[in-house]
Amino acid sequence: MIESAPRRPRRRWIVAVTSVVGGLVVLGVLGEVVLRYIIDDRIESAAAELPPGMSVARDDTPALWQVATGRATLRVEVPAQALSDAAREATDLTDVEVTPASDGLVARLPLTVAGTEQTVDVLLSVAAEDGRAVLRADSVQLGGLTLPVDTLAEQLDVAELDQLAEGVEFPEGESPVEISSAQATAEGLELGAEVAMW
């Protein structure tokens, strides 16, 4: 009867491979934790340059990937009050109020029409263009009618409506935050953004 060879070398090989894989997993987890801290610090410094009232959070993209690409991805939530403040700052419309609606965003503002002041609702679209979020007037609801913004602005000679038709951008000026997506929500606006890591 022939005895089989001992199986110890195979066990050692399995233990060695398991140890290497386990070590790599531990290093990956530790690296992810450390890199998240670095990314959060970079996001915090970039968020300081955004208008007040916005909340900024890192998205679910793995930190290792973000560092490898050199871009931290984040979500920015903009409440209606911050949208109103941005619209007031970018235009001469000191009384504009931006609110969420079922089909997007609405800017409510007083206008003088035929000698009387009336509150009109301006329907806004939102888009990400050239690294900025842009709110742009689509149409105006006045006295039960929905009119194109350009037509009403021309007929009433209201420069502020022209400003809304051209679009309100934010963040304004130089900013480390680059907006990649924008959509209206029940609370205001949700933006997808990127910040250069280095």
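Just so you know, these numbers come straight off a predicted model, no measurement behind them.

**A look at the sheet that holds strand 1 (residues 55–58)**
One open sheet accounts for four strands, arranged 1-2-10-9; its pairing is antiparallel. The open sheet has two edge strands, strand 1 and strand 9 (177–184), and neither has a second partner. Adjacent strand axes in the sheet meet at a mean angle of 25 degrees when their direction is disregarded. The sheet contact formed by strand 2 (residues 71–79) and strand 10 (residues 188–196) spans nine bridges and is antiparallel. Looking at strand 10, one finds that Pro79 is bridged to Gly188.

**Some remarks on the pairing of strand 10**
Examined bridge by bridge, strand 9 and strand 10 share seven bridges and lie antiparallel to one another. For Glu178, the partnering residue across the bridge sits in strand 10 and is Glu194. The loop that links strand 9 with its antiparallel partner strand 10 comprises three residues.

Conventions used here
- Residues numbered from 1 in each chain as written.
- Predicted model: local features only at pLDDT ≥ 70, side-chain atom pairs only at ≥ 80, totals over all residues.
- Heavy atoms only, no water.
- Pairing = 2+ DSSP bridges.
- Helix = DSSP H or I, 4+ residues; strand = E, 2+ residues; numbered from the N terminus.
- Axes fitted to C-alpha atoms, helices over the stretch in contact; angles between N-to-C directions.

Taken by themselves, the reported measurements are silent on function.
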